[in-house]
Amino acid sequence: MRLSRAEYKEIVRWTEKLRPTRRCMKILKDKFPSHSQSTLLSIYSLEYRKWIKRTFSRHHVPNVIESYYQRYLSEAKAQPTARVLLELANEVDLSPALMARIILDRFLQGQDGGMPSKSVLNSMLKEPSLIPDQILASNVYQCTINDCCYGPQVDCIKHAIGHEHEVLLREKLKEKNLSFLDENHLRTMGYDKTPDIILEVPVAVEGHIVHWIESKASFGDDQSHQTYLNEQFWSYWNRFGPGLVIYWYGFIGDLDCQRDRGILLKDCFPTDIVTLCHLLALSRGSETFVSEQPK
């Protein structure tokens with residue numbers, strides 16, 4: 001789905017009013033029923049992550065962490081079954097999963113007297129039953145399952161969705177009988193940084209030659225697209241020639257402005273692919289037609 005910049009800004013304006021809970025997606029879907037929930041979630045996640053990057057430092061100051069921790073201990077003792085951490089995260093405008101991480105990290109420091117390893121911290125966030133405190137384990141679990149933008153469950157879902165769309169892309173290419181190399185093939189050939197697909201025989205899409213295809217299971221906004229251009233797409237163009245980027249959850253229409261330079265954007269697998277063999281056949285047919293015209 002291509003969104004005008006005005007449509008995109010209107011969605012962003014609404015995302016600023018919402019915290020990253022499962023309920024926020026229902027609110028967005030009710031407000032924008034013509035947009036898919038996947039598109040709305042992707043936009044919301046992108047905007048919320050930008051906001052967290054701007055504000056996270058104020059939550060990560062030692063005295064602030066200690067105040068959060070002491071408040072958690074006090075309220076958890078008074079109300080052992082309450083969702084103390086989730087409510088605290090919402091109150092101070094911090095991602096619930098990040099609040100859980102901060103408090104768990106502080107708890108483990110108190111247990112061992114030192115900084116816990118990232119592997120231990122991550123394993124406990126993924127599996128709260130490993131936390132040697134039942135009340136804290138329950139609070140961490142509530143935070144991670146109620147956060148739609150951060151946390152191990154979100155990371156797992158994003159990875160699965162990304163893989164699913166890569167598989168979908170390969171299936172679409174096979175349906176078209178197009179010969180290609182995927183990332184796994186390219187790594188065995190010694191390539192370190194490659195697009196998802198390199199076509200062994202280039203094709204034409206909407207009149208533009210395509211040598212490679214990149215799959216993005218996300219929405220393409222200004223910031224993410226510019227980052228991808230700088231860190232991925234232009235390097236692919238330099239190495240492999242012009243290519244196609246599929247933003248499966250849509251993008252801001254104005255961003256599709258690099259076609260003449262060799263970067264084409266789509267929000268779905270193209271239905272009008274023309275193979276090189278077809279182009280050659282059309283070319284030969286036109287030459288024959290011209291040569292057979294009466295003089």
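Source: prediction; values computed, not measured.

For the rest of this paragraph, the subject is helix α7 (residues 118-126). If you check which residues of α7 are buried, you get L121, M124 and L125. Buried positions in α7, seen along its axis, are confined to an arc of 100 degrees and lie on one side of it. Those residues of α7 that are exposed and aimed more than 90 degrees away from the buried face are S119 and K126. The inward-facing, buried residues of α7 contact α6 (96-112), α8 (134-145) and α9 (152-175).

This brings us to the pattern of salt bridges. One pass over the structure, following the stated rule, counts 14 salt bridges. A salt bridge links E206 to R259; its shortest N-O distance comes to 2.7 Å. One end of the pair, E206, is in the loop between β3 (197-205) and β4 (208-216); the other, R259, is in the loop between β6 (251-252) and β7 (263-266), with 53 residues separating them in the sequence. Note on E206: relative accessible area 34%, which makes it partly exposed. Residue R259 is classed as partly exposed on the basis of its relative accessible area of 21%. One salt-bridge network, held together by shared partners, links R2, E206, D256, R259 and K266.

Attention shifts here to helix α11 (residues 222-240). Bending of α11 peaks at approximately 55 degrees at the position of L229. For α11, the full list of buried residues reads S224, H225, L229, Q232, F233, W234, Y236 and F240. The secondary structure elements touched by the buried residues of α11 are α3 (37-55), β3, β4, β5 (243-247) and β7. At the exit of α11 stands G241, carrying a positive phi of roughly 100 degrees.

Here we come to the side chain of K216. Tracing the chain through its elements places K216 in strand β4. Taking relative accessible area as the criterion, K216 reaches 9% and is therefore assigned buried. Contacts of K216, omitting those with residues within four sequence positions, involve Y228, Q232, F233, V245, I246, Y247 and W248.

Each value, and the rule that gives it
Residues numbered from 1 in each chain as written. Predicted model: local features only at pLDDT ≥ 70, side-chain atom pairs only at ≥ 80, totals over all residues. Heavy atoms only, no water. Buried < 20%, exposed > 50% of the residue type's maximum accessible area, 1.4 Å probe, protein only. Helix = DSSP H or I, 4+ residues; strand = E, 2+ residues; numbered from the N terminus. Arc of directions from axis to C-beta. Contact = heavy atoms within 4.5 Å. Salt bridge = Lys/Arg side-chain N within 4 Å of Asp/Glu carboxyl O. Bend = angle between axes of the 7 residues up to and from the residue.

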